[in-house]
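Chain residues, written in single-letter form:
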Protein chains: 2
Amino acid sequence: MNMQAEATDTRTAHAAAFADLDFDLLRRYVQVIRHKLTADQYLYHAGQPFQALYFVHSGCLKTVELADDGRDQVTGFRMRGDLLGIESIGLRQHACSAVALEQGEVWELPYPAMLTACRELPELQAKLTAALAEQIRQDHAWMLNVGTLNAEQRVASFLVDVAARYARLGYSARHFILRMRRTDMANFLALKHETVSRAMTRLDDLRLIAVERREVRVLDDAGLRRMAAGCAS
Amino acid sequence: MNMQAEATDTRTAHAAAFADLDFDLLRRYVQVIRHKLTADQYLYHAGQPFQALYFVHSGCLKTVELADDGRDQVTGFRMRGDLLGIESIGLRQHACSAVALEQGEVWELPYPAMLTACRELPELQAKLTAALAEQIRQDHAWMLNVGTLNAEQRVASFLVDVAARYARLGYSARHFILRMRRTDMANFLALKHETVSRAMTRLDDLRLIAVERREVRVLDDAGLRRMAAGCAS
DNA sequence: TCCCGGCGTTACACACGGTTACAAACCGTT
DNA sequence: AACGGTTTGTAACCGTGTGTAACGCCGGGA
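Given the structure is predicted, the values throughout are model-derived calculations rather than measurements. (Residues numbered from 1 in each chain as written. Chains lettered and ligands numbered in written order. Predicted model: local features only at pLDDT ≥ 70, side-chain atom pairs only at ≥ 80, totals over all residues. Heavy atoms only, no water.)

### Some thoughts on the overall build of chain A
Phase 1 of the analysis: Each helix and strand in chain A was counted, giving seven helices and eleven strands.
Phase 2 of the analysis: What you see for chain A is a C-alpha radius of gyration of 18 Å, in line with the 17 Å of a compact globule of 233 residues.
Phase 3 of the analysis: Sequence-distant contacts in chain A: of pairs separated by 6 or more residues, those separated by 24 or more amount to 75%.
Phase 4 of the analysis: Accessible area of chain A: about 10,100 Å², with a carbon and sulfur share of 48%.
Phase 5 of the analysis: Side-chain charges in chain A split into 29 positive and 29 negative, and the spacing between the mean points of these groups amounts to 2 Å. (Helix = DSSP H or I, 4+ residues; strand = E, 2+ residues; numbered from the N terminus. Rg over C-alpha atoms; globule rule 2.2 N^0.38 Å. Contact = heavy atoms within 4.5 Å. Areas by Shrake-Rupley, 256 points an atom, 1.4 Å probe, with all protein chains shown as cover. Lys, Arg positive; Asp, Glu negative; His and termini not counted. Charge placed at Lys NZ, Arg CZ, Asp CG, Glu CD.)

### Describing the protein's contact with DNA strand C
Phase 1 of the analysis: Near DNA strand C, the surroundings consist of 18 residues, among which A:Ala151, A:Thr195, B:Arg182, B:Ser197 and B:Thr201 are the closest.
Phase 2 of the analysis: One of the backbone N or O atoms of A:Ala151 is found 2.7 Å from a phosphate oxygen in DNA strand C.
Phase 3 of the analysis: Between a base oxygen of DNA strand C and a side-chain N or O atom of A:Glu194, the distance comes to 3.2 Å.
Phase 4 of the analysis: When contributions to the surface near DNA strand C are tallied by element, the ones reaching two or more residues are α6 (193-205) of chain A together with α6 (193-205) of chain B.
Phase 5 of the analysis: Looking at which element gives the most residues to the surface near DNA strand C, the answer is α6(B), with five residues.
Phase 6 of the analysis: Residue composition of the surface near DNA strand C, grouped by class: three nonpolar, five polar and ten charged. (Near = heavy atom within 4 Å. Polar contact = N/O pair within 3.5 Å; in protein donor to acceptor, adjacent residues only side chain to side chain. Nonpolar A, V, L, I, M, F, W, Y, C, P; charged D, E, K, R; others polar.)

### Considerations on the interface of chain B and chain A
Phase 1 of the analysis: At the junction of the two partners, chain B supplies 48 residues and chain A supplies 48 residues.
Phase 2 of the analysis: Regarding the contact of chain B and chain A, the summed buried area is about 4,300 Å², with carbon and sulfur atoms giving 62% of it.
Phase 3 of the analysis: Connecting chain B to chain A are zero salt bridges.
Phase 4 of the analysis: Where chain B packs against chain A, one counts ten residue pairs in polar contact (both at pLDDT 80 or more). (Buried area = accessible area lost by both parts, 1.4 Å probe. Salt bridge = Lys/Arg side-chain N within 4 Å of Asp/Glu carboxyl O.)

### Let's talk about the relation of the copies chain B and chain A
Phase 1 of the analysis: For the pair chain B and chain A, the relating rotation is 180°, the translation along its axis is 0.0 Å, and the fit reaches an RMSD of 0.0 Å. Taken together, these values place the two copies in the relation of a two-fold axis. Residues of chain B ranked by C-alpha distance from the rotation axis are headed by B:Ile136, positioned 2.8 Å from it.
Phase 2 of the analysis: Mapped onto chain A, 100% of the interface residues of chain B are again interface residues, and the two copies thus contact each other with one and the same surface. (Least-squares fit on C-alpha atoms with pLDDT ≥ 70 in both.)

### Quick look at the domain arrangement of chain A
How large an interface is tends to be reported as the accessible area lost when its parts come together.
All names here are of chain A.
Phase 1 of the analysis: Under the domain assignment used here, chain A contains domain 1 (4-135) and domain 2 (149-228).
Phase 2 of the analysis: Computed over C-alpha atoms, the centres of domain 1 and domain 2 are 25 Å apart.
Phase 3 of the analysis: Listed per partner, the contact involves 16 residues of domain 1 and 17 residues of domain 2.
Phase 4 of the analysis: Note on domain 1 versus domain 2: buried area summed over both sides is about 1,500 Å², and carbon and sulfur give 50% of it.
Phase 5 of the analysis: At the junction of domain 1 and domain 2, the tally comes to three salt bridges.
Phase 6 of the analysis: Glutamate 102 is the partner of arginine 179 in a salt bridge, and the nearest nitrogen-oxygen pair spans 3.5 Å.
Phase 7 of the analysis: The tally of links from domain 1 across to domain 2 stands at nine residue pairs in polar contact (both at pLDDT 80 or more).
Phase 8 of the analysis: Among the elements that line the side of domain 1 that touches domain 2, the one with the most residues is strand β5 (residues 72-78), at seven residues.
Phase 9 of the analysis: Partitioned by chemical class, the residues of the side of domain 1 that touches domain 2 number five nonpolar, four polar and seven charged. (Domains from an automatic or database assignment.)

### Examining the protein's contact with DNA strand D
Phase 1 of the analysis: Around DNA strand D there are 17 residues in total, and A:Arg182, A:Thr201, B:Glu194, B:Thr195 and B:Arg198 lie nearest to it.
Phase 2 of the analysis: Here B:Arg198 contributes a side-chain N or O atom positioned 3.2 Å from a base oxygen of DNA strand D.
Phase 3 of the analysis: For the surface near DNA strand D, the secondary-structure elements that each account for two or more residues are α6 of chain A together with α6 of chain B.
Phase 4 of the analysis: When residues in the surface near DNA strand D are grouped by element, the largest group, five residues, is from α6(A).

### Notes on the environment of B:Ala156
Phase 1 of the analysis: Structurally, B:Ala156 is set in helix α4 (residues 151-168).
Phase 2 of the analysis: On the basis of relative accessible area, B:Ala156 is assigned to the buried category, the value being 0%. (Buried < 20%, exposed > 50% of the residue type's maximum accessible area, 1.4 Å probe, protein only.)

This is the structure in structure tokens:
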């Protein structure tokens, strides 16, 4: 849901997913600890000691960047197969917070053990590095969208990306339930929640989607993608 | 110049710089190739084969994300000590373009050789990973600023960050020359160049800075930082 | 030296999205 | 079923930043 370029073009074709990792092999080196999460539960707070990465097994979480003066920015949403905490690598304390949007389960991967495991398993090292690079590309795609698209286009782009992520997980890209509130979506897209509401109803009016609160049905995929790209009208 | 949090707080205190790397040691493993660049010269284009990372030895470059429909977004500015190309790790082709803003020199680090060198030098591997994570944190700080600050505050924040980067390189944080045009600044800050101009003159009117085209003098550092934070007025 | 093109600045009208306010729908609790 | 709190939707107004245009400045080339 990081609004990365929707089409898997040649540049992103080889983006490695952490999901298809051999966890049985990994468990020989790293003690993987399962954690159940409930809605609104913090997985970690900004400022807490950084000790582990987290693999999302189920559910959906948001990562939130915080400023000293109280400003906050949702920097992404993570679902099954995504890795959490990589942004804090090299620090002693977490750079941001991670909050569960619904109940779910994450697998804790203690970082010191991961480091030694990386020395034994070059494949793991490559996957981790690839995950970091992929995160940078996602963020840059977000910058491009927020920097160049208007409110409606941003919302459309977001929905296209969400749909693609659901498709990758084997769910329907045509009909899904958003896991986050309007406020979270708005914050992520650098908009206000009223604006997101208006954009959603407008996309509904245009028969591109059918919305009912968090339930979204994609009626005109091509049209939605056209809207998500720079094309006006 | 990526508008990261200006104060080096406890969270960013251990951000590893690639600058203090032992290049003599690295040269035993990697054939470092020097490249001179002239203003407006592309170091690499989006879509070109990804074969190397680049260490900026002198000069200033911008990285530009491109969309199929022609939209473009400046994702950052790189100066001496910064690493270029890391966002394309794991891909066959570069994900973005890099353009020199002035004459300068970069050192090409062929990536396959870097990979093998990383296996021999754990310190190098750590530095590379840290550089990737640091990039993510910079991007998230940018998201926070663009998502929550108005035009004036963004420009102030940008100037504070530029000043900090110059200071780190041993130059004056009080008096410097911007290396990029208003258009590049504006694109990076998700504004229009006219808006950046107006913001600069307003910061000048407020006696926080003294501007004359690309020349900037910081008159009230604390005031500028206050403006760069969420504080209104 | 003059001319030209790129860059930066300024003025003004307008539009998009923010602000504010209120209402409706949903949720969990009692 | 009634209640309160939260989330979402709708509407009117307003302000920040944009679009447009004109002008000034500076540097490079003829």
